[in-house]
Structures are given as structure tokens and as C-alpha cells.
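Here is what each chain is made of, one letter per residue.
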Amino acid sequence: MDEATLRSLLEALAATPDNTALRIAVIRELDSKGDPRAASYADRLTPEATGPADRALVAGVLLRTGSASRALAFTEGNQPDVQMMRARVLLAQGDQGGALAAYDAAVKSNPTLEDRDLRHQLLSKVTVHEGQGDGPRLRVVSNDDTDRSELDRLLHPQEPPITFDDVGGLAEIKTAIEKKIILPFQKPALFAKFKKKAGGGILLYGPPGCGKTLLARATAGQVNATFLNVAIEDVLDMYIGESERKLHALFDKARASTPSVMFFDELEALAGKRQHTREGTSSKLVSQFLTEMDGFVKNNSGVLILAASNVPWAIDPAFRRPGRFDRVLFVPPPDKAARASILQILLKGRPIATDIDHGQLAARTSGFSGADLENLVDTAADHAIAASLSKNTEVPIDMAHLSAALGEIKPTTIEWLTTARNYARYSNEGGQYDEVLDFLKKHGKS
Ligand SMILES: Nc1ncnc2c1ncn2[C@@H]1O[C@H](COP(=O)(O)OP(=O)(O)O)[C@@H](O)[C@H]1O
Ligand SMILES: [Mg+2]
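To start, this report covers the structure provided alongside it. Note that this is a predicted model, so its numbers are computed, not measured.

## Observations regarding unusual backbone geometry
- Unusually for a residue other than glycine, Leu170 sits at a positive phi of about 55°.
- Among the secondary structure elements, Leu170 is positioned in the loop between α9 (148–155) and α10 (171–186).
- Its identity is not glycine, yet Glu266 carries a phi of approximately 50°, on the positive side.
- Inspection of the secondary structure assignment puts Glu266 in the loop between β5 (260–264) and α15 (268–271).
- Overall, Glu266 belongs to the partly exposed group, with 17 C-beta atoms counted inside 10 Å.

Structure below.
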């Protein structure tokens with residue numbers, strides 16, 4: 001709007017001061033130019049006479065001139081932009097709780113209004129963390145409603161429990177774990193009566209991203225047990241003898257917090273073939289590990305041992321003996337039905353359009369691992385977020401977003417299967433890789 005038009009609007013308003021529509025037009029124009037007169041023109045307005053579509057504008061103008069209490073009167077009503085303005089006004093008045101409620105209500109009905117800076121202002125506070133035991137004392141400036149117990153959790157995170165329902169497909173493996181691990185764990189007396197030996201662990205192997213770690217976590221959730229996820233860096237130590245001591249301490253911890261599930265992810269790092277390891281120390285670690293596992297055969301009630309590896313052929317064969325990882329299960333790439341159910345799990349709880357066809361997507365994602373599918377859904381979500389921002393309203397994930405994402409994500413399981421085929425063909429001692437050969441045969445890749 002040029003100066004002349006604005007001037008004629010101001011003249012018209014001077015002649016008809018009760019023309020609210022005209023007044024709003026003037027305020028909007030002045031405000032967009034950052035002209036302080038906007039506020040004085042807003043003084044005459046009442047909330048009742050101001051239409052719902054204009055209230056956020058008027059409240060904003062009043063708030064900027066410092067009249068928060070007058071601004072507040074214009075923020076009644078549940079339109080998202082009015083609620084958002086209410087949050088700002090209440091924050092200016094020092095009512096953080098009320099402001100947060102208004103902010104949440106606004107974002108809930110229109111997620112594109114999300115404003116992280118404002119949210120941080122609504123939540124900032126300073127918490128002092130005294131530390132646990134010999135832990136450090138921390139002063140934490142937190143931008144959310146973190147309290148002390150939450151700080152403990154953040155500093156010592158515990159992943160939320162999941163169950164078999166969160167793992168798509170893999171029905172056979174779930175049954176095997178159920179039968180061989182969970183049941184003896186839940187009914188030890190019955191198994192003892194039939195002189196069935198409990199103990200020993202399960203080694204899951206297969207291509208990366210197909211659910212080995214997920215399955216292990218779900219097993220812990222399934223039996224409501226403490227989950228001890230042992231990472232290599234929890235054990236390996238540069239000082240001689242330290243790694244063995246740490247490993248022993250971890251087994252002790254598992255025994256002390258039964259029921260518990262110990263999970264050794266990337267087992268090959270701790271239990272690699274002894275002839276391949278360069279230093280004597282790693283070979284000592286393998287021996288220590290074997291001793292600990294054997295100790296569990298005698299005294300293992302309440303502790304399940306699981307492990308996973310992408311390279312099972314690199315693991316010391318001594319770990320396969322009875323009482324150790326004597327049950328070795330192949331976690332294959334998901335088949336079509338499994339992919340459909342994984343997609344279902346991954347899309348659950350996100351805004352999705354009615355045109356989503358899980359079956360069709362499953363058919364178009366042959367060779368995709370679960371992690372590839374997660375990548376696919378995340379990429380489609382990025383597209384939907386971009387569309388939401390450009391349209392200023394929530395646009396759900398639809399087939400077009402997923403198809404676009406399909407053009408960007410490549411399946412990753414083929415490479416692993418090619419390597420595994422060679423091991424399965426040429427070093428298949430005791431038929432340990434028969435499941436891989438079966439899988440390849442079934443999918444015409446042998
Ligand atoms: N069967 C599955 N069901 C649901 N999600 C899966 C499945 N397999 C893989 N995923 C997804 O891929 C991610 C990586 O899987 P993960 O279990 O870590 O693979 P890995 O076999 O390498 O341990 C998981 O966090 C999950 O989001
Ligand atoms: Mg893993």
C-alpha cells in the first residue's frame with residue numbers, strides 16, 4: 001500500500017470512526033510497517049467488536065506497546081493463532097503455566113505454528129543436579145521442565161521397554177525365543193522336573209538393520225526384566241586385566257538384578273576368533289567370557305543371555321559349545337508380509353493420509369531391511385513436513401511422499417547376503433548356516 005492510499009484510508013477512518021473493518025485495515029497496514037501509531041488506533045477497539053480473525057493482530061499490537069492486560073482481553077477464543085498470542089501475552093505477564101497451556105493448545109490444533117524459541121522461553125529454568133554417589137555435581141540450565149529425577153534418567157538413560165508387538169514379522173524367531181528362552185526362564189521348576197537343562201544363550205545373526213537389537217530389547221520387555229545392553233566400550237580397557245575385571249563385574253551386576261537379560265551386541269568385538277586377535281590380552285578376554293558363561297550354567301537362574309552379530313563367522317567357535325551360545329538363530333531380511341507389518345509399526349502414531357497402501361509399499365521394497373524401511377518413512381515424513389510448512393497447515397504423509405522417498409533410499413541387505421552365501425557354501429561346519437542357504441534358495445539367489 002502506498003502512502004497516498006494509506007492517507008486516504010486514515011481520512012476515511014477519521015470521518016467514520018466506528019467502521020471497525022476500516023480501522024482493522026489501518027492497524028494492519030501501520031503494524032506491518034512497524035508504525036507505532038498502530039497501537040493508538042487499536043485503543044478504541046473492544047474485543048466484542050473485533051472479529052475472531054483479527055483478534056490475534058490487535059492483541060499483538062497492544063502487547064508490543066506494553067499493555068499486556070489490555071491485550072489479554074483480545075485473546076479469548078480457541079482459534080490457534082489467538083491461543084498462540086495468548087501464550088505470548090501470558091508469558092509477558094509472568095504466567096508461565098498458563099502460557100504453556102495456551103501454546104500447547106495452539107500447536108495441537110495447528111502444528112505449523114510451532115515456535116521453538118517461544119517454547120524454550122516458556123520452559124527455561126535452572127536445576128542443580130547433586131550427582132549420584134561419586135558422580136559430578138552439575139548445574140544444568142534446562143530448556144524443558146526437567147527436574148532432578150529426570151536429570152538422573154538423562155544422565156543414566158534407560159530405554160523405554162518394548163515387546164514382541166513392536167517387532168514386525170520374524171514370527172518363527174519369536175516362537176523360538178519364547179520356547180527356548182522365555183519359558184524355561186518363567187517356569188524353572190517345571191523344566192528342572194523334566195531334567196531339562198536351562199542356561200546357555202542365543203546368538204542372533206543376520207544382515208544389519210533387520211531387528212536383532214530390537215528383538216533382544218523386546219525379549220527383555222516380554223519377560224519384564226532388567227535389560228543390560230553391554231556395549232564393547234563398557235568392557236574394553238587399555239589396561240591389562242581391566243577388561244576382564246569389567247566383564248566379570250557386568251555378569252555380577254546381571255546376577256544381582258534378576259530377572260535380567262544380558263545382551264552382547266556386536267559379539268564379534270568381544271568374542272572374536274582367538275587366532276585372529278593380535279594381542280594376548282583379547283585372547284584372555286575371550287577365556288574370561290567363556291568362564292563367565294560356564295559359571296552361568298551352574299548358577300544362572302533369572303539371567304538370560306543374548307548376543308547379536310552381523311559377522312558370525314568371525315566369532316570364536318568355542319562360544320558355540322553346549323551351555324554357551326548353543327542356539328544360533330538367523331534373523332533374515334523381512335519378507336513381504338513382514339515389511340508390511342514393519343511399515344505399519346513405523347507409520348503408527350504419525351499423521352498419515354487415507355491412501356497409504358502398506359501391501360503395495362511392501363511389494364515395492366524387496367531387499368529392504370527394517371532400518372531401510374525406517375529410513376524410508378523418515379524421508380517421507382521430511383517431505384510431509386516440508387509440504388506442511390509451505391501450505392501452513394498439517395499435511396499428512398501420503399503415497400506420493402513415500403514414492404518420492406523410494407527413489408532416494410536403496411536396499412542394503414543384498415551385500416550382506418552375497419558375503420554370507422560364500423561362508424555358507426564353503427565353511428558351513430555342522431550346517432551352521434543352513435538357514436542362510438535355505439533363505440537364498442527360497443528367494444532364488446543361491
Ligand atoms: N522387524 C522389525 N520390526 C520393526 N522395526 C524394525 C525391524 N527390524 C528393524 N527395524 C527398525 O530398524 C532399526 C534397526 O534395527 P536393529 O534391531 O538395530 O538392527 P540390527 O539387526 O542391526 O541390530 C530398528 O530400530 C527399527 O526401527
Ligand atoms: Mg544391532
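## A few points about the nonpolar core
- Of all hydrophobic cores here, the largest spans 67 residues; its most connected members are Leu204, Leu215, Phe263, Leu306 and Val331.
- Counting residues in hydrophobic clusters, the runner-up holds 31 residues, among them Ala59, Leu90, Leu91 and Ala99.

## A word on the site of ligand 1
- Around ligand 1, the structure places 18 residues, and the nearest of them are Gly211, Lys212, Thr213, Leu214 and Gly370.
- Contributions of two or more residues to the shell around ligand 1 are made by α12 (212–222), α17 (336–347) and α19 (370–391).
- Counted by class, the shell around ligand 1 contains ten nonpolar, six polar and two charged residues.

## Regarding the pairing of strand β3 (residues 201–205)
- Burial analysis of β3 places five of its five residues in the buried class, the great majority of the element.
- On β3, burial covers both faces: Gly201, Leu203 and Tyr205 on one face and Ile202 and Leu204 on the other are all buried.
- Bridge count between β3 and strand β6 (residues 303–309): five bridges; the pairing is parallel. Counterpart to Gly201 in the pairing with β6 is Ile305.
- Pairing analysis gives four bridges linking β3 to strand β7 (residues 327–330), with the strands arranged parallel. What sits directly across from Leu203, in β7, is Val328.

Cut-off values and rules
- Residues numbered from 1 in each chain as written.
- Chains lettered and ligands numbered in written order.
- Predicted model: local features only at pLDDT ≥ 70, side-chain atom pairs only at ≥ 80, totals over all residues.
- Helix = DSSP H or I, 4+ residues; strand = E, 2+ residues; numbered from the N terminus.
- Buried ≥ 20, exposed ≤ 12 C-beta atoms within 10 Å, placed from the backbone.
- Core = buried A, V, L, I, M, F, W, Y, C linked by C-beta atoms within 7 Å.
- Near = placed C-beta within 6 Å.
- Nonpolar A, V, L, I, M, F, W, Y, C, P; charged D, E, K, R; others polar.
- Pairing = 2+ DSSP bridges.

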